[in-house]
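# Remarks on the overall topology
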Amino acid sequence: MRSRQPQSGRCAPWPAGCPAARARAALSSPIPAARLRVLIGLGLLLATLLAAGPARAQQVDGPAGAATGGPDTALWPERQRAFIEDGPGLLLGEARRAELLALDLAGRKAWIDAFLAADPLPESPENELVAGIDRRRRLAFSELLSFGDDRTRLLFLRGAPDDRLAIDCGQTFKPLEVWTYGLRSVVLYEPAPGQPFRLWLPLESKRVLYNREMEYWLEQWEELRGLIRVRRFDLQICPETPRVDDATGVEALRGFRPGRPTNESVKAFLAPPEDLAAWARQAVATPLPARPAELPVSGIEVLFPELVRQRMVARFQLTLPAGASLVPSSEEGEEPRWVIGVDGVIEQQGAPFDQFRMRFRLEPPAAEQPLALVLERPLRPERTFVVRLRLRDEVGGAETYLARGFTVPREPTPVAEPLPSEQMAVAFAEQMRRLKIAGRDSLLLVPPESELVLGLWRAEALVTGDAIEKVVFKVDEREQMTRTRRPFTAELRLAKFPTEQVVRAEGYDAAGKLVAADEIVLNQPRGALRVRILEPERGASLSGSVTARAEMVVPEERRVARVEFQVNDDTVATLERPPWEAPVEVPPGGEVAYLTVVAVLDDGSRAEEVRFLNAPQYLEQVDVKLVELYTTVTDRSGRLVRGLSRDEFEVREDGRPQELTKFELVDDLPLTVGITIDTSGSMVESLPEAKAVALGFLENVITSRDRAFAVSFADRPVLLIPPTDDVGAVAASLEGLRSIGWTTLHDAVVTSLYYFRGIRGRRALVLLSDGDDTASATPFEDAVEYARRSGVAIFCVGLDVGALKVGVRRKLTQLAEETGGRVFFISKASELAAVYAEIEEELRSQYLLAYSSDRPTPDGNFRVVEVDVARRGLEARTIRGYYP
């Protein structure tokens with residue numbers, strides 16, 4: 001029996017109890033020596049087969065690029081490259097493929113022309129082979145951009161399956177799909193995270209489909225099945241396990257069924273068709289939606305402007321010709337914009353190497369002016385790649401697909417700066433900037449895995465060369481730790497709430513001279529560019545030297561170039577990094593002055609805020625911030641009530657009546673929604689439906705004026721996608737979620753609320769969890785406090801949180817009540833659709849009540865807010881209060 005222990009050793013995620021607990025007694029019993037010898041012998045034989053199996057499988061059914069002659073085919077002219085790598089090459093047998101690969105440029109052109117001209121069904125006027133190739137390519141590329149994925153190859157060769165089942169059981173299997181054609185099924189699986197799906201071959205053994213922990217428990221179960229009576233663990237955890245058993249013909253790891261699939265029968269699914277005429281007849285009948293209009297984009301120009309350390313910047317430039325007729329957005333109150341979405345894949349040797357998705361929101365150029373789109377990725381020199389791009393006019397629906405092979409040179413080539421009309425979306429721009437460290441002796445701070453970092457964080461400084469012998473770690477200019485030996489790492493103490501902080505690492509030589517330094521800005525607010533003056537407070541009487549402090553909200557992919565502090569239009573301080581604070585001189589004698597804080601970003605865009613100092617009361621009123629209350633009104637039956645008037649509402653702050661200055665029903669105001677999903681081990685059965693329902697909710701709620709983001713949490717919270725109006729991107733971010741690990745509920749609340757910073761207007765967080773916190777670093781009291789300060793309504797959904805789970809029910813209820821949201825407790829995932837429908841209706845039926853507090857001077861204390869409705873039987877729900 002194997003002595004290896006399971007990877008995590010945890011029992012909590014198993015809803016039916018821990019396999020270790022159920023098998024512990026049996027495991028402690030001695031196994032007969034004869035049986036042990038047999039098991040060891042079988043294990044050695046199996047290990048030998050496994051060692052040979054995958055290597056042989058890769059040789060026979062490797063990636064498309066490798067199968068078509070390696071990377072050289074990527075550099076063929078695009079029509080020839082696409083023929084051999086993007087579908088038609090799969091129709092060739094080994095002999096015909098070898099014949100094509102042996103030809104020169106002119107010979108290949110003639111060979112391909114002859115192949116496509118040989119109509120296999122000459123009796124019809126249409127060339128079914130050419131039309132079939134086109135339809136199957138469109139089918140394949142409608143789902144995936146890369147033929148390095150066996151799912152794409154199946155779609156091209158076999159068409160869409162009769163049935164397609166995605167197995168979403170992270171505690172049991174790797175990501176799997178079972179495809180059925182007629183009476184036969186095949187399994188496709190993801191060998192490792194981020195790798196393309198492969199067709200499962202029986203020679204690989206069924207164990208490659210399981211995760212490591214389940215593989216271990218099934219080994220114990222099979223060895224002891226005659227001694228213990230426990231139902232197979234994978235059957236207990238994953239309801240789709242029987243479908244995998246049927247498709248593979250194997251129960252558990254070695255329960256071989258009669259008539260199970262063979263290597264040859266499975267390989268046949270990706271084999272070239274024996275009858276090309278029959279394939280063409282079926283392919284040309286492939287059902288497809290109507291072909292979208294063609295987006296007029298030139299081919300891909302690949303440039304290499306600079307080398308950053310060991311990576312070459314590959315710049316992909318695409319041009320929309322003058323007079324291109326895209327459909328602009330037409331949102332009320334906004335300038336018309338072209339909205340172009342880009343999905344991209346970079347392949348190396350036929351397998352996906354890098355994937356990305358981005359969006360351009362562009363001002364339409366003059367009719368006679370072309371428009372350039374520029375994307376950048378860092379790649380290793382002297383390597384050959386293929387870039388594939390799908391561009392789509394997200395308003396008009398026109399789209400195009402482009403691909404090109406290229407080799408990254410060893411040295412950069414000069415590139416002219418983009419024209420003023422050209423729009424750029426530069427991936428990894430900040431990372432590239434930080435890597436530009438001169439000299440052999442250098443220091444680089446490794447960015448954290450998450451954009452949000454709280455409490456303790458282990459910082460790591462990568463040091464090159466021999467000069468640096470000491471690294472000093474600082475937080476906001478205060479030294480926290482010094483390291484005098486490698487590895488240069490330090491555990492730093494950060495703020496308990498998301499606060500913009502600067503971590504700096506300084507490398508010194510033996511003489512104490514500074515050699516190199518690097519710094520990272522943590523927890524920087526993201527959103528629309530905005531400046532907010534925090535100090536001095538409004539209405540304060542000042543003179544002499546005082547400290548001015550501000551906060552910047554910075555758009556994604558941008559950074560602050562400088563911040564200027566001005567008094568009466570005279571610049572008194574210029575800063576290039578946080579903290580954004582500086583001493584300023586206020587004129588003596590109570591003279592009125594005004595403080596201006598100006599933020600300038602790296603792309604030249606600017607924002608500012610002005611605050612009057614020593615201003616008379618009538619002037620200060622102009623600078624008073626409105627308190628906005630998004631309020632829901634229900635009757636005694638819980639039904640939403642619309643049609644109320646301003647006079648029917650009464651608002652009190654700390655018991656003091658307030659006068660409403662703004663009142664409206666907000667069904668059309670922009671909305672930002674965060675979706676936070678529990679992906680801990682206990683969500684294994686509910687997660688697939690939870691993802692699907694969440695996506696349906698967003699598709700119904702989010703318009704082009706709204707935005708959404710997604711966060712998952714198990715062992716730690718993870719931002720899946722930042723705020724965007726691209727619902728398709730949010731859907732893609734949810735696809736890969738798997739259920740495994742502990743529950744960090746408190747950390748997830750703080751992390752999710754952090755991404756609302758800098759966003760104004762209606763904001764709502766939908767939080768789904770099925771259990772109490774088991775692993776957070778944040779205490780619940782701190783999470784509630786941060787929720788109060790955020791002003792975001794939290795809608796909590798407790799899934800299978802029974803009445804006896806008092807602790808988690810109390811937490812979810814408190815989060816909802818403190819923030820003006822609502823809590824739902826349901827027993828199964830099938831009820832989620834109804835819950836999300838209620839949340840959607842509520843978000844479209846709120847009232848906006850706004851007032852200027854009769855105490856405008858901030859005092860730092862929590863102010864309790866109450867809203868009452870004059871009409872009997874009605875109840876108003878909003879935030880419990882706010883911090884001024």
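Residues numbered from 1 in each chain as written. Predicted model: local features only at pLDDT ≥ 70, side-chain atom pairs only at ≥ 80, totals over all residues. Heavy atoms only, no water.

### Quick word on the overall build of the protein
- Scanning the protein for helices and strands turns up 21 helices and 43 strands.
- When the 884 residues of the protein are sorted by exposure, 50% land in the buried category.
- Intrachain contacts of the protein at a sequence separation of at least 6 include 67% that bridge at least 24 residues. (Helix = DSSP H or I, 4+ residues; strand = E, 2+ residues; numbered from the N terminus. Buried < 20%, exposed > 50% of the residue type's maximum accessible area, 1.4 Å probe, protein only. Contact = heavy atoms within 4.5 Å.)

### Some points on helix H21 (residues 832-843)
- Between its terminal C-alpha atoms H21 stretches 16 Å, which fits the 16 Å expected from twelve residues at 1.5 Å a residue.
- Within H21, the full set of buried residues consists of Leu832, Val835, Tyr836, Ile839, Glu842 and Leu843. Buried positions in H21, seen along its axis, are confined to an arc of 120 degrees and lie on one side of it. (Expected span 1.5 Å × (residues − 1). Arc of directions from axis to C-beta.)

### Section: the sheet that holds strand E19 (residues 478-483)
- If you trace the four strands from one edge of the open sheet to the other, you get E19-E18-E21-E22, paired in antiparallel fashion. Each end of this open sheet is capped by a strand with a single partner; those strands are E19 and strand E22 (514-522). The sheet shows a mean angle of 20 degrees between the axes of neighbouring strands, taken without regard to direction.
- Relative to strand E21 (residues 501-508), strand E18 (residues 470-475) runs antiparallel, the two being bridged by six bridges. Within E21, the residue paired with Val475 across the bridge is Val503. (Pairing = 2+ DSSP bridges. Axes fitted to C-alpha atoms, helices over the stretch in contact; angles between N-to-C directions.)

### Details of the packing of helix H19 (residues 780-790) against helix H20 (residues 806-819)
- Contact geometry of H19 with H20 gives a least axis separation of 9 Å together with a crossing angle of 20 degrees. Viewed along their axes, H19 and H20 adopt a mutual orientation that is roughly parallel. Once H19 is placed against H20, the crossing between them reads as right-handed. Contacts between H19 and H20 involve Phe780, Val784, Ala787 and Arg788 on the former and, on the latter, Arg810, Lys811, Gln814, Leu815, Glu818 and Thr819.
- A breakdown of the residues in the contact of H19 with H20 according to their chemical character gives four nonpolar, two polar and four charged. (Parallel < 35°, antiparallel > 145°, perpendicular 65-115°, else oblique. Left-handed = near helix turned anticlockwise from the far one by under 90°. Nonpolar A, V, L, I, M, F, W, Y, C, P; charged D, E, K, R; others polar.)

### As for the environment of Ala366
- With respect to the helices, strands and loops of the structure, Ala366 is situated in the loop between strand E11 (351-362) and strand E12 (371-379).
- Between the C-alpha atom of Ala366 and that of Ala322, which follows or precedes it by 44 residues, the distance is 8.0 Å.

### Section: the sheet that holds strand E16 (residues 442-445)
- Across the sheet, three strands lie side by side as E16-E17-E20; this open sheet has antiparallel pairing. Edge positions in the sheet fall to E16 and strand E20 (488-493), since each has one partner strand and no second. Along the sheet, successive strands turn relative to each other by an average axial angle of 25 degrees, direction set aside.
- Direction of pairing for strand E17 (residues 456-464) relative to E20: antiparallel, over a ladder of six bridges. Looking at the pairing, Ala461 lines up with Phe488 of E20.

### Some thoughts on the nonpolar core
- The biggest cluster of nonpolar side chains holds 36 residues, and the ones touching the most others in it are Val673, Phe697, Leu698, Leu768 and Ile839.
- For this core, the secondary-structure elements that each account for two or more residues are strand E34 (671-678), helix H16 (687-701), strand E35 (707-713), helix H17 (727-735), strand E37 (762-769), strand E38 (793-799), strand E39 (822-826) and H21.
- Examining the composition of this core, we find that seven residues originate from one element, H16, more than from any other. (Core = buried A, V, L, I, M, F, W, Y, C linked by side-chain atoms within 4.5 Å.)

### Quick look at the side chain of Lys206
- Structurally, the position occupied by Lys206 is in the loop between strand E4 (198-199) and helix H9 (212-224).
- Here Lys206 falls in the buried class, since its relative accessible area comes to 1%.
- For Lys206, the side chain forms a polar contact with the main-chain oxygen of Val250, separated by 2.8 Å. (Polar contact = N/O pair within 3.5 Å; in protein donor to acceptor, adjacent residues only side chain to side chain.)

### A short note on the packing of aromatic side chains
- Scanning the entire structure with this criterion turns up 25 aromatic pairs.
- On the basis of an interplanar angle of 65 degrees and a centroid distance of 5.6 Å, the ring pair of Phe316 and Phe406 is categorised as edge-to-face. Placement of the pair is Phe316 in strand E9 (residues 311-320) and Phe406 in strand E14 (residues 399-407), with a sequence separation of 90 residues.
- Exposure remark for Phe406: the relative accessible area of 4% places this residue in the buried category.
- Taken together through their ring pairs, the aromatic side chains of Phe141, Phe147, Phe156, Trp279 and Tyr401 make up a single cluster.
- Sitting over the ring of Phe197, Arg151 keeps its end group 3.8 Å from the ring centre.
- Directly above the ring of Phe862 sits Arg788, whose terminal nitrogen or CZ lies 5.5 Å from the centroid. (Phe/Tyr/Trp six-rings, centres within 6.5 Å; stacked < 30°, edge-to-face > 60°. Lys NZ or Arg CZ within 6 Å of the ring centre and 35° of its normal.)

In short, shape yes, function no, at least from these values alone.
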